[in-house]
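This is what each chain is made of:
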Amino acid sequence: MSRVRLAPRFENFPPYTPIEPFEVLSARLGLPPEKIIKVDANENPYGPAPAVKEALANLRWANIYPDPESRALRAALSDFTGAPAENLLPGAGADELIDLILRLVLEPGDVVLNFPPTFGMYPFDTLLNAGQVIDVPRLPDFSLDLPAIRRAVEEHQPKAMFLTTPNNPDGHFPPAAVLDELLELPLLVVVDEAYIEFTREGGRLGENLSRIRSVPQRENLIVLRTFSKWAGLAGLRVGYGAFPTWMMPALWAAKQPYNVNVAASEAALASLRSLDFLAANVERLKAERERLFGLLQSVPYLTPYPSQANFILCGVKQIPASQLKASLAARGILVRYYNTPYLRDMIRISIGRPAESDAVIAALRELAEEKSEP
Ligand SMILES: *Cc1c(COP(=O)(O)O)cnc(C)c1O
């Protein structure tokens, strides 16, 4: 027997389940991509700013490695967020930064607190980095169970917790007082603001609610943000984090040197020069979220949950959610389907353009009628 083998934790490693790529779906459904209504991955239906397409068309330095310190992008991000450039680190999506944080803090067996249902990358990257996940489930309205979190902190001495504000997949946004209480606990608090730009009270692009400016004043707060959702750059992979000052040298030392490629960096810079355009699209999506919520409430077998993000989670009654997902897919409508211990029979619908919401609602109503026929 060869001595070459996997580290034991990779022998039955649970993979992250990503969404199916557009081209694959299009081929499978026999529908051209423009006929598919893709509301399964919280992507921005309006796409990137025109300045992004221009910057990519005129990209000059694709043959040269990118700046490992992302100086131009960090300066622009500092202007945008109000956080000092010295505390900012861009990554190949916020996803890369989740992994990097855990690499830096976890020793084998160390505990990370997770508040399911939530984003699947936190447990995924914890296991990848030989850590251990302790779940403290959310309450039925998806709010955080503070007493249970305190008990788990006492009992398991976790190194870090991940807190998504607003949460994915339900769109719950925790009150400021809850976040303040969590920040007093003796561990690293990673606040994932992937959807902060869509919050109701956040003002322009979430600036009134983001915690990013308070990062340098604290020892234990990390704020992650991304260009994937509000700026429509999911395909280019660019996100960023604000980190406590004491962590920065280790982050610089441990990160992959060329993690943010030149196209992603130029696209992010062009997005930051197009804030009016992008903020107008975010406002469109916020208005559409309220309209779609009302329409979903009128579908008899759905229970939509109020959301502060660019998606709406719905409980499904009377028919199995898996069947609903399949019937919608057969009509070229892709939604995210869940059937996990914390999300029984649910679907999540991303906010699209008004015409897309209308098509989704028409299909949902049609399915209700088919179902009630004898
Ligand atoms: C989409 C999403 C991200 C991923 O961001 P990328 O920058 O695309 O890696 C991070 N956190 C949450 C909660 C998300 O839903």
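The structure presented is a predicted model; accordingly, all values stated were derived computationally and were not measured.

Colleague: Give a description of the UniProt feature "modified residue: N6-(pyridoxal phosphate)lysine" (unreviewed entry) in the protein that names residues and reports values.
Modeller: As recorded in UniProt, the feature "modified residue: N6-(pyridoxal phosphate)lysine" (unreviewed entry) lies at Lys229. On the basis of relative accessible area, Lys229 is assigned to the buried category, the value being 14%. In contact with Lys229, not counting residues within four places along its chain, are Ala41, Asn42, Asn44, Ala194, Tyr195, Phe198 and Asn310.

Colleague: Can you lay out the site of the ligand for me, pointing to particular residues and giving the numbers?
Modeller: Taken together, 14 residues are adjacent to the ligand, and Asp192, Tyr195, Thr226, Ser228 and Lys229 come closest. Between the ligand and Asn168, the relevant distance is 2.9 Å, taken from an oxygen atom to a side-chain nitrogen or oxygen of the residue. A distance of 2.6 Å is found between a nitrogen atom of the ligand and a side-chain nitrogen or oxygen belonging to Asp192. Its free accessible area being 390 Å², the ligand has 95% of it covered by the protein chains. With 3 residues, the single largest contributor to the shell around the ligand is helix 4 (residues 93-105). Of the residues in the shell around the ligand, the class split is 5 nonpolar, 5 polar and 4 charged.

Colleague: Can you tell me about the layout of surface pockets, naming the residues and giving the values?
Modeller: Computed from the structure, the second largest pocket encloses a volume of approximately 560 Å³. What lines the second largest pocket is a set of 27 residues, among which Phe22, Glu43, Asn44, Pro45 and Gly47 lie closest to the centre. Across the lining of the second largest pocket, the residue classes break down as 13 nonpolar, 7 polar and 7 charged. Among the domains, domain 1 (18-47 + 276-372) and domain 2 (52-273) are the pair contributing at least three residues each to the lining of the second largest pocket.

Rules used in this analysis
Residues numbered from 1 in each chain as written. Predicted model: local features only at pLDDT ≥ 70, side-chain atom pairs only at ≥ 80, totals over all residues. Heavy atoms only, no water. UniProt positions renumbered as here; feature names shortened; annotations may be inferred. Buried < 20%, exposed > 50% of the residue type's maximum accessible area, 1.4 Å probe, protein only. Contact = heavy atoms within 4.5 Å. Near = heavy atom within 4 Å. Polar contact = N/O pair within 3.5 Å; in protein donor to acceptor, adjacent residues only side chain to side chain. Areas by Shrake-Rupley, 256 points an atom, 1.4 Å probe, with all protein chains shown as cover. Helix = DSSP H or I, 4+ residues; strand = E, 2+ residues; numbered from the N terminus. Nonpolar A, V, L, I, M, F, W, Y, C, P; charged D, E, K, R; others polar. 1 Å grid on protein atoms, 1.4 Å probe; cavity = no way out; pocket = protein on both sides within 12 Å on 5 of 7 lines; lining within 4 Å. Points joined across faces, edges and corners; volume = space filled by probe spheres on them. Domains from an automatic or database assignment.

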